[in-house]
Amino acid sequence: MTTRRDFLRQSLLGTAGLTVLGGLANTAEAAAAKEPIKLTILHTNDMHSRIEPFPDNGGQWAGLGGMARRAALIKDIRSKEANVLLLDSGDIFQGTPYFNFFGGELEYKLMSEMKYDASTLGNHDFDNGLDGLMRQLPNATFPFLIANYDFSKTPLAGRFAPYKVFEKQGVRIGVFGLGIQLAGLVGDKNFGATEYLDPVAKATETVAQLRGAEKCDLVICLSHLGYKYESAKIDDRKLAAQVSGIDLILGGHTHTFMDAPEPIASPDGKPTLINQVGWSGINLGRLDYEFSPKTKRAGLASASVVPVRAAC
Ligand SMILES: [Zn+2]
């Protein structure tokens, strides 16, 4: 039996009520469809086992850095931003006794707690050899992306992917990694049968895959090649000038402190941005992108270098 109250409720929901609700939903949807989709990219490089801040008598960097502070900073940004990617450009290992005693366990565990989305491999990540690296991999919940090392003849065969695609509100972000030539930088027995492949050729191939079959709207390279060399040695600037289709190179190895990302014209005329934020977790790099909800075209809205210090 239908009571008067039920009848009223049903009528309201059945007609005017639903229309009003539907109208509101449509308006909100329409507004949302016009709003740009935001993406915040946070990045580090060459953290070199710096778990704690530099000591107060630590010279130039006294009191700076520290993974607990970085974690708090990242947590705060995540609480305010819907879409965050946290990336690292290698040389996580080596530099403090934490590495000598625990072999990188702490670094990977803390990065996992901070929810890093991906890293690449630096030369120092081979400092305990392939076995040392392999032992620590289970402590990392994030992937190591590397397109130009071939591990197929080593115990690490099949453990790394060249790239990963992340999707945020329908925007597809392709992230791939490039490593530096290991011979001469790392003891031969530490990298064993790992084969170094030409970064320009591998980048060209990977970008074609990411822009093509993977339909990426933004392509990011995590590079441990180094920012700039006067010699012919490949670096981030030369890579940007030789390979089209990379939006952003997040670099490492040269411990370069950049105040703002540097644009380099790629062969197709479009700019590739390069950024690097020093070393040891002194700074956290932040780039905020906005994407058109219709075309998914990316634009850099702002870039900043966030110092990791006690106040934060
Ligand atoms: Zn390095």
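As the structure is a prediction and not an experimental result, all values here were calculated from the model.

**Student:** Help me understand the pairing of strand 12 (residues 283-291), please; the structure alone is not making it clear to me.
**Tutor:** Both faces of the sheet carry side chains from a regular strand, because those side chains alternate between them. Counting buried positions along strand 12 gives eight out of nine residues, so the element sits mostly inside the fold. Relative to strand 12, strand 1 (residues 37-44) runs antiparallel, the two being bridged by seven bridges. Considered in strand 12, the bridge of isoleucine 41 is made with leucine 287. Two elements, strand 12 and strand 13 (residues 298-307), share nine bridges in a ladder whose sense is antiparallel. Its bridge partner being in strand 13, phenylalanine 291 is matched across the sheet by alanine 298.

**Student:** Please explain the pattern of salt bridges as it appears in this structure.
**Tutor:** If charged atoms from side chains of opposite charge come close, those side chains can pair. Here the structure, examined in full by the defined rule, presents 12 salt bridges. Ionic pairing is found between arginine 172 and glutamate 214, a salt bridge with its closest N-O pair at 3.2 Å. Highlighted residues: arginine 172 in strand 6 (residues 171-178) and glutamate 214 in the loop between helix 7 (199-211) and strand 8 (218-223), separated in sequence by 42 residues. Judged by relative accessible area, which is 22%, arginine 172 ranks as partly exposed. Here glutamate 205 makes a salt bridge to lysine 202, at a shortest N to O gap of 3.1 Å. Of this pair, glutamate 205 and lysine 202 both sit in helix 7, three residues apart, which is roughly one turn of that helix. On the basis of relative accessible area, glutamate 205 is assigned to the partly exposed category, the value being 48%. It is possible to trace a salt-bridge network through shared partners that takes in Lys38, Glu81, Arg286 and Asp288.

**Student:** Looking at this structure, how should I read the coordination of the zinc ion?
**Tutor:** Put simply, the ideal angle at a metal is 109.5 degrees for four donors in tetrahedral geometry and 90 or 180 degrees for six donors in octahedral geometry. Taken together, the protein donors to the zinc ion comprise Asp91 (OD), Asn123 (OD1), His224 (NE2) and His253 (ND1), at separations of 2.1 to 2.2 Å. With four donor atoms in place around the zinc ion and angles of 89 to 157° between them, the coordination shape is irregular.

**Student:** In this structure, what is going on with the sheet that holds strand 11 (residues 271-275)? I would like to understand it.
**Tutor:** Two pairing modes exist for strands in a sheet, parallel and antiparallel, and in both the strands are linked by backbone hydrogen bonds. The sheet built from six strands is open, its strands ordered 5-6-8-9-11-10 with mixed pairing. The open sheet terminates on both sides in strands that have one partner only, identified here as strand 5 (163-168) and strand 10 (262-265). Each adjacent strand pair in this sheet contributes to an overall mean axis angle of 25°, direction not counted. Where strand 6 and strand 8 come together, six bridges link them in parallel fashion. Bridge pairing in strand 8 links valine 175 to isoleucine 220. In the packing of helix 7 onto the sheet, the strands contacted are strand 5, strand 6 and strand 8, and the crossing angle to strand 6 comes to about 165°.

**Student:** Where do I start with the packing of aromatic side chains in this structure?
**Tutor:** In this description, a pair of aromatic rings is defined by centroid distance and the angle of the planes. What the rule picks out here adds up to 15 aromatic pairs. Arranged with centres 6.2 Å apart and planes meeting at 50°, the rings of tyrosine 116 and phenylalanine 142 form a pair that is tilted. Within this pair, whereas tyrosine 116 is found in the loop between helix 4 (105-113) and strand 3 (118-119), its partner phenylalanine 142 is found in the loop between helix 5 (129-136) and strand 4 (149-150), the two being separated by 26 residues in sequence. Residue tyrosine 116 is classed as buried on the basis of its relative accessible area, which comes to 4%. One aromatic cluster is present, built from ring pairs that chain together Phe93, Phe99, Tyr108, Tyr116, Phe126, Phe142, Phe144, Tyr149, Phe151 and Phe160.

Criteria and cut-off values
Residues numbered from 1 in each chain as written. Predicted model: local features only at pLDDT ≥ 70, side-chain atom pairs only at ≥ 80, totals over all residues. Heavy atoms only, no water. Buried < 20%, exposed > 50% of the residue type's maximum accessible area, 1.4 Å probe, protein only. Helix = DSSP H or I, 4+ residues; strand = E, 2+ residues; numbered from the N terminus. Pairing = 2+ DSSP bridges. Salt bridge = Lys/Arg side-chain N within 4 Å of Asp/Glu carboxyl O. Donors = N, O, S within 2.8 Å, 3.2 Å for Na, K, Ca; no water. Tetrahedral: all angles 85-135°; square planar, octahedral: opposite > 155°, others 65-115°. Axes fitted to C-alpha atoms, helices over the stretch in contact; angles between N-to-C directions. Contact = heavy atoms within 4.5 Å. Phe/Tyr/Trp six-rings, centres within 6.5 Å; stacked < 30°, edge-to-face > 60°.

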